[in-house]
Amino acid sequence: MNFPLFVATRYIKSKNTHNIINIISWISAIGIAVTTAALIVVLSVFNGFEELITTMYTSFDPDLKISANKGKSFSTANIDSDAIISLPCVENVQEVVEDNALLKHDQQQIVATIKGVNSNYFNYEPLAYRIVLGDTESLKAGNCIAGYGIGYYLNLQMNNLPQPINILVPKRNNSNLLNLLNAFNSKTLPVAGIFSIQQELDDKYLFIPLSEARKLLNYDNDNVTALEIRLKPNADLKQAQKKIKEIAGEDFIVKNHFELQDTLYKVMHSEKAAVFLILCFLILISAFNIIGSLSMLVISKEKDIAILHSMGCRLKTIKRIFINESLLLTLSGAIIGLIIGSILCILQMTFGIIKLGTSGSFIIDSYPVQLQAQDFLIVFITVMIIGILTSLVPIARIKVKVNYNRK
């Protein structure tokens with residue numbers, strides 16, 4: 001053990017007439033431990049919610065989505081679909097026609113989004129599990145699959161499917177807006193399945209056969225609004241996106257599932273960063289106790305400083321003694337906080353101690369938690385930097401107390 005570290009350790013362990021200094025020092029270390037643990041817990045909860053949301057949306061959103069750079073729809077003849085399908089990383093490519101429509105059932109009506117898809121669209125396992133009524137074969141007989149929210153708002157008898165639903169879509173290039181009878185294309189289709197992912201999607205989407213969607217929207221047989229691509233397991237998303245962009249060309253936009261929900265993820269990351277900064281401020285407040293305890297320690301050790309200096313100890317070495325003491329206190333608080341935070345997170349992950357609610361309206365029962373190594377590293381580095389910076393303030397006082405310098 002080097003000399004400054006040895007002396008700093010002795011100062012922390014010493015019990016003398018100034019024992020109150022040690023008490024204040026350890027109180028500050030406890031404060032750092034508590035805020036460090038809070039940081040780990042809060043960041044892990046944010047990670048858990050992000051993972052939950054990602055899982056929900058990725059079961060619905062494709063890995064990659066190709067849409068036209070200009071306009072709402074495009075012809076599949078204008079893009080080399082075969083080249084995309086032949087890529088080793090691609091599992092399947094789905095043609096999709098999507099637009100807004102008015103849905104009616106009995107006396108109820110709602111504006112929603114119709115999504116025309118092929119009959120094998122729901123064969124994708126994560127999406128198939130989201131069908132709560134009916135099955136993945138519902139589209140094959142020309143039926144529809146509606147979101148749970150749509151079924152609720154239209155008062156569909158969900159226990160007695162199929163139920164008829166009237167779909168109205170404004171005619172394209174219709175110049176006679178005064179004649180409402182001729183302003184819409186309409187089609188009555190039976191709803192034979194209900195899916196449930198999360199409320200926003202459940203209230204928005206109605207899946208119908210692709211051929212029926214093209215008829216309603218007056219599209220040609222090769223017209224689509226998007227191509228949805230599912231990648232094979234363990235495929236590199238960024239590399240696949242890059243290759244498909246090269247094939248598609250400048251006339252098309254290729255987005256991954258994170259970019260499709262860009263606003264949502266930005267909000268979540270902003271909230272996480274804001275909470276992180278607030279808790280860092282609390283760590284800084286706890287570190288001010290270290291400033292106070294070190295200031296008092298410097299004052300109480302004036303004679304020791306003078307003796308060490310007269311014995312040939314350089315001023316730089318004396319400063320290192322107090323820097324080491326600050327680092328030891330901060331390090332102790334950080335390590336204890338990381339351990340406590342980890343234990344709390346593991347308990348929550350294992351037993352779900354803190355519940356979201358008792359009404360049964362939540363997707364999950366308790367707060368989701370996910371531990372990430374990068375959070376531990378970021379928190380540890382942040383706490384240590386704060387500890388180092390705060391130790392510089394009281395150490396500057398040593399210059400005042402030492403009346404001569406030895407080089």
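The notes below deal with the structure included here. (Residues numbered from 1 in each chain as written. Predicted model: local features only at pLDDT ≥ 70, side-chain atom pairs only at ≥ 80, totals over all residues. Heavy atoms only, no water.)

## Remarks on helix 12 (residues 315-351)
Point 1. Along its 37 residues, helix 12 runs 54 Å from first to last C-alpha, staying within 8% of the 54 Å computed at 1.5 Å per residue.
Point 2. One or two positions beyond helix 12, positive phi appears at G352, with a value near 60°. (Helix = DSSP H or I, 4+ residues; strand = E, 2+ residues; numbered from the N terminus. Expected span 1.5 Å × (residues − 1).)

## Points about the environment of F351
Point 1. Among the secondary structure elements, F351 is positioned in helix 12.
Point 2. Expressed as a C-alpha distance, the spacing of F351 and S366, which sit 15 residues apart in the sequence, is 9.1 Å.

## Concerning the nonpolar core
Point 1. Core analysis: the biggest nonpolar cluster contains 26 residues, and L39, F276, F322, V379 and V383 have the highest contact counts within it.
Point 2. Per-element accounting of this core gives the leading share, eight residues, to helix 10 (residues 262-300).
Point 3. Core analysis: the next-biggest nonpolar cluster, separate from the first, contains 25 residues, L154, L189, V191 and A213 among them. (Core = buried A, V, L, I, M, F, W, Y, C linked by side-chain atoms within 4.5 Å. Buried < 20%, exposed > 50% of the residue type's maximum accessible area, 1.4 Å probe, protein only.)

## Things to note about the pairing of strand 6 (residues 144-147)
Point 1. Where strand 6 lies against strand 8 (residues 184-195), four bridges are found, and the strand directions are parallel. Each bridged residue has a counterpart across the sheet, and for A146 the counterpart in strand 8 is I194.
Point 2. Direction of pairing for strand 6 relative to strand 9 (residues 205-209): antiparallel, over a ladder of two bridges. Its bridge partner lying in strand 9, A146 is registered against L206. (Pairing = 2+ DSSP bridges.)

## So, the pairing of strand 8
Point 1. As judged from the two bridges shared by strand 5 (residues 131-133) and strand 8, these two strands associate in the antiparallel manner. Across the sheet, the residue bridging to L133 is I194, located in strand 8.
Point 2. Where strand 7 (residues 163-170) meets strand 8, eight bridges bridge the pair, whose relative direction is antiparallel. What sits directly across from V169, in strand 8, is N185.

## Looking at the side chain of R214
Point 1. Considering the arrangement of structural elements, one finds R214 in helix 7 (residues 210-216).
Point 2. Residue classification places R214 among the buried residues on the basis of a relative accessible area of 9%.
Point 3. With near-sequence residues (within four places) excluded, R214 lies in contact with E95, V97, Y219, D220, N221, D222, N223 and V224. (Contact = heavy atoms within 4.5 Å.)

## So, the packing of aromatic side chains
Point 1. Applying the stated criterion across every chain yields a total of eleven aromatic pairs.
Point 2. With 6.0 Å between their ring centres and 65° between their planes, F60 and F207 make a pair best called edge-to-face. Taken together, the residues span a long stretch of sequence, with F60 in helix 2 (residues 19-60) and F207 in strand 9 at a distance of 147 residues.
Point 3. Overall, the relative accessible area of 1% leaves F60 in the buried class.
Point 4. For F207, a relative accessible area of 1% corresponds to the buried category.
Point 5. Look at Y205 and F207: their rings are 6.3 Å apart centre to centre, the planes differ by 25°, and that puts the pair in the stacked class. For the pair Y205 and F207, one class covers both residues: buried.
Point 6. Among the aromatic residues, those joined into a ring-pair cluster are F60, Y121, F122, F195, Y205 and F207.
Point 7. Its end group placed over the ring of Y205, K115 keeps NZ or CZ at 5.6 Å from the ring centre.
Point 8. One Lys or Arg, R230, reaches over the ring of Y124 and ends 3.9 Å from the middle of that ring. (Phe/Tyr/Trp six-rings, centres within 6.5 Å; stacked < 30°, edge-to-face > 60°. Lys NZ or Arg CZ within 6 Å of the ring centre and 35° of its normal.)

## Concerning the pattern of salt bridges
Point 1. Under the counting rule described, the total for this entry stands at five salt bridges.
Point 2. Between E95 and R214 there is a salt bridge, and its shortest N-O distance comes to 2.9 Å. Linking E95 in strand 3 (residues 90-105) with R214 in helix 7, this pair joins segments that are 119 residues apart in sequence.
Point 3. Judged by its relative accessible area of 27%, E95 is partly exposed.
Point 4. Here K266 and D262 are joined by a salt bridge, their closest N and O atoms 3.1 Å apart. Here K266 pairs with D262, and both are found in helix 10, just four residues apart, close to one helical turn.
Point 5. On the basis of relative accessibility, which here comes to 51%, the residue K266 falls in the exposed class. (Salt bridge = Lys/Arg side-chain N within 4 Å of Asp/Glu carboxyl O.)

## Some points on unusual backbone geometry
Point 1. Cis geometry is found at the peptide bond from L161 to P162, where omega equals 5°.
Point 2. If you trace the backbone, P162 turns up in the loop between helix 5 (148-153) and strand 7.
Point 3. The phi dihedral of D106 is positive, around 55°, even though this residue is not glycine.
Point 4. The residue N234 is not glycine, and still its phi comes out positive at about 70°.
Point 5. By the secondary structure assignment, N234 is in the loop between strand 11 (226-231) and helix 8 (237-248).

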